[in-house]
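# Coordinates in review
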Amino acid sequence: LMKSIDSERIKVSVQSGDFIVMLSDGIIQTTEEATWLIELLAESRAKSAKELAGNIMTAAKAHAPSHDDMSAAVIKIIGF
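Remember, it's a predicted structure, so these values are computed and weren't measured experimentally. (Residues numbered from 1 in each chain as written. Predicted model: local features only at pLDDT ≥ 70, side-chain atom pairs only at ≥ 80, totals over all residues. Heavy atoms only, no water.)

Below, the discussion takes up the nonpolar core. One recurring pattern in soluble globular proteins: nonpolar side chains tend to sit buried together. Counting residues in hydrophobic clusters, the biggest one holds 15 residues, and the most contacted among them are I27, W36, L52, I56, M70 and V74. Among the elements of the structure, α1 (35-43) and α2 (49-63) are those that each provide at least two residues to this core. If you tally residues by element for this core, the top one is α2, at seven residues. Setting aside residues up to four positions removed in sequence, I27 forms contacts with W36, I56, M57, A60, A64, M70, S71 and A72. (Core = buried A, V, L, I, M, F, W, Y, C linked by side-chain atoms within 4.5 Å. Buried < 20%, exposed > 50% of the residue type's maximum accessible area, 1.4 Å probe, protein only. Helix = DSSP H or I, 4+ residues; strand = E, 2+ residues; numbered from the N terminus. Contact = heavy atoms within 4.5 Å.)

Quick look at the structure:
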């Protein structure tokens, strides 16, 4: 287990239909490695959180073939 957590607090506004995406470091570790991910998210036409998470995982296996574990959690904001 980790002795301490390195975290950052941010505040964003979300709207119905937005996705919140959380990824492990097995998918990307730095913003420099994220070009393919930024393109995927910008072009995505995913309708569900499950679909977007699957698209991210498929692309991650092709772009970041590491031996580290990979996790993607996606939440879709629906009306509020």
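Our next topic: the confidence of the model for the protein. Caution applies to low-pLDDT parts of the model: their predicted coordinates are not meant to be read in detail. Residues of the protein with pLDDT of at least 70 account for 95%, and the chain-wide mean is 90. Of all secondary-structure elements in the protein, the lowest mean pLDDT belongs to α2, at 94, while strand β2 (residues 72-76) reaches the highest, 97. (pLDDT = per-residue confidence, 0-100.)

Let's shift gears to the packing of α1 against α2. Packed helix pairs are characterised by how far apart their axes lie and by the angle those axes make with each other. One can describe the packing of α1 onto α2 by two numbers: an axis separation of 11 Å at closest approach and a directional angle of 150 degrees. Classified by the angle their axes make, α1 and α2 are roughly antiparallel. In the packing of α1 onto α2, the handedness of the crossing is right-handed. Across the interface between the two elements, W36, L37, L40 and L41 from α1 touch L52, N55, I56, A59, A60 and H63 from α2. Looking at the contact of α1 with α2 residue by residue, the class counts come to eight nonpolar, two polar and no charged. (Axes fitted to C-alpha atoms, helices over the stretch in contact; angles between N-to-C directions. Parallel < 35°, antiparallel > 145°, perpendicular 65-115°, else oblique. Left-handed = near helix turned anticlockwise from the far one by under 90°. Nonpolar A, V, L, I, M, F, W, Y, C, P; charged D, E, K, R; others polar.)

The subject of this paragraph is α1. For an α-helix, 3.6 residues make a turn, and residues three or four places apart therefore share a direction. Residues W36, L37 and L40 constitute the buried set of α1. Along α1, the residues classed as buried sweep out an arc of 100 degrees about the axis, all on the same side. Projecting away from the buried face of α1 at angles above 90 degrees are the exposed residues I38 and A42. In the core, the buried residues of α1 are packed alongside β1 (19-23) and α2. (Arc of directions from axis to C-beta.)

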